[in-house]
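Now for the letters of each chain:
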Amino acid sequence: MFALYLLLIGARIDKFYSFRYKPCNDISLLDCNQITKKSYSLYIHIPFCENLCEFCFFHKFPYNEINIKKYYKSLIAEIDLISKKNIQINNIYIGGGTPTIYLPGLTDLFEKINLSFDVKSISVETDPYHINQQTLNALKSAKVNRLSIGIQSFNEAVLNKAGRVNKRKYEEIKENIINARNLFETVNVDLIFNFKKQNINHIDYDIKNILELCPHQITYYPIMEHNKGLLDDIFSLSKEREMYFYIIKNMQKYYYMNSVWSFASKENIYDEYLVNNPEFLCAGCGSFGYYNGFLYANSFNLDNYINRISKGILPIVAYKRLNSLEKILYLLTIKLYSLKFNKFEIIENLDNRNKKIYKSIVKYLTLSKIINTDNKYIQLTKEGLYYWLNIMKHFYINVHSMREFCNSRKL
Ligand SMILES: C[S@@+](CC[C@H](N)C(=O)[O-])C[C@H]1O[C@@H](n2cnc3c(N)ncnc32)[C@H](O)[C@@H]1O
Ligand code: SF4
């Protein structure tokens, strides 16, 4: 048995994320009665941006005031449909796109979620060009406790090369970012490494600038290639590895590493919604959820999305039911993403057959020197960090393949 799993998993765990999806008109996915009264997160997607960055693989449309007004109306109706499912939701993550691009809609959404759920935390994403004092005050009074700002790089030439068009210079937006940092419990800043033509000097420059800004958390993604042409050449992966270890070495002088690609100013900042809530619901056009063993997606087509909600039906259009092995690998992916986890956490909920599968995987990862185990924790080794960075990359890229699946079928 073990040899079989060694063969299956040994090559690459990421192969398991080559999901095959099924189109779905069945909206009963959220209707099953879970035995335990668990609490879930809700991911809400706002797919509008002023300019579409070439490197970005998230679902988005160019901003248009008429469309976004219609969108928020549908989104609020969707939240209403979800709230009737009697599922306990406490944590909200509003991502995009650029959620702060249209403040009146976002304010209505805040009002709706605060009325519909017993909200314990709200996280919002933005780019640095769509925050000002008025936006920050509105977020604060809606009880947002975490703001994530995508800077990507402080170097304009690198950003231009990556197809990120912005009209404002960093110096003009710096003050808003500092104001944000002083207002919220957690301010995260996203950076990206291994962009085309980006070298170690650019990374030094980005690290110097980010340390000056001093956010509570820094998420430093590797560029994830969803279309050809984002990477330099065949040597890009060795450049990625070199930059990754360079970033870790330098960031750890000032920050605690709290996931394979993030760094926190305090040891106890653990704000990645997936780590504590591997199951989560979703709302919005082109959003994903994972509930009761089903990975599922909402319609990617704006008209479809709006039409379905106007008929009072949830806009779920595709799903994949994970088998036992995929569920174990999904949990392991999420837990090891945060570097270490209690060694009893996953295994204690598995039946005997799945316990055997799980132990085989753990044994393989140990023999391969990707993880080590003491009497309390399973944790990534130094080499394991880079291996797991790649597992996460493939996980994201394969979720993106669900977008392509839905887009190609106009779902
Ligand atoms: C959905 S975006 C929203 C952020 C916001 N709109 C902005 O532009 O700053 C969230 C983050 O995903 C990351 N991201 C997007 N595409 C990526 C890619 N191809 N590879 C790696 N990271 C990516 C960026 O760091 C970005 O800040
Ligand atoms: S990186 Fe942000 S602003 Fe750029 S396209 Fe993606 S979501 Fe929009």
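An account of the accompanying structure is given in this report.

The rules behind these values
- Residues numbered from 1 in each chain as written.
- Chains lettered and ligands numbered in written order.
- Predicted model: local features only at pLDDT ≥ 70, side-chain atom pairs only at ≥ 80, totals over all residues.
- Heavy atoms only, no water.
- Phe/Tyr/Trp six-rings, centres within 6.5 Å; stacked < 30°, edge-to-face > 60°.
- Helix = DSSP H or I, 4+ residues; strand = E, 2+ residues; numbered from the N terminus.
- Buried < 20%, exposed > 50% of the residue type's maximum accessible area, 1.4 Å probe, protein only.
- Pairing = 2+ DSSP bridges.
- Right-handed = clockwise from strand over helix to strand, strands pointing away.
- Near = heavy atom within 4 Å.
- Polar contact = N/O pair within 3.5 Å; in protein donor to acceptor, adjacent residues only side chain to side chain.
- Areas by Shrake-Rupley, 256 points an atom, 1.4 Å probe, with all protein chains shown as cover.
- Nonpolar A, V, L, I, M, F, W, Y, C, P; charged D, E, K, R; others polar.

The next subject is the packing of aromatic side chains. We describe a pair of aromatic rings using the distance from one ring centre to the other and the angle between the two ring planes. Overall, the coordinates contain 25 aromatic pairs when judged by the stated rule. Considering the side-chain rings of Tyr40 and Tyr291, the 5.2 Å spacing of their centres and the 65° angle between planes classify their relative orientation as edge-to-face. Of this pair, Tyr40 sits in strand 2 (residues 40-46) while Tyr291 sits in strand 13 (residues 288-291); the two residues are 251 residues apart in sequence, bridging distant segments of the chain. Assigned by exposure class, Tyr40 and Tyr291 land together as buried. When the centroid spacing of 6.2 Å and the interplanar angle of 20° are considered together, the rings of Phe193 and Tyr244 count as stacked. Residue Phe193 is located in strand 8 (residues 186-193), and its partner Tyr244 is located in helix 8 (residues 236-251); the two are separated by 51 residues in the primary sequence. The exposure classification of Phe193 matches that of Tyr244, with both residues buried.

Two faces make up the sheet, and in a regular strand the side chains alternate between them. The buried fraction of strand 8 amounts to eight of the eight residues, a majority that puts the element mostly inside the structure. With six bridges joining them, strand 7 (residues 146-152) and strand 8 adopt parallel strand pairing. Of the residues in strand 8, the one forming a bridge with Gln152 is Leu191. Each parallel crossover has a hand, and the one from strand 8 via helix 7 (residues 200-213) to strand 9 (residues 217-222) is right-handed.

Moving on to the site of ligand 1. What surrounds ligand 1 is a group of 20 residues, the closest being Phe55, Gly96, Gln152, Arg164 and Asp190. Between Phe55 and ligand 1, the recorded distance is 2.7 Å, taken from a backbone N or O atom to a nitrogen atom. Within the contact set of ligand 1, an oxygen atom lies 2.6 Å away from a side-chain nitrogen or oxygen of Gln152. Surface burial for ligand 1 is 96%, taken as the share of its 570 Å² of free accessible area covered by protein chains. Of all elements in the fold, only strand 6 (121-126), strand 7, strand 8 and strand 9 reach the threshold of two or more residues within the shell around ligand 1. The residue makeup of the shell around ligand 1, split by class, is nine nonpolar, seven polar and four charged.

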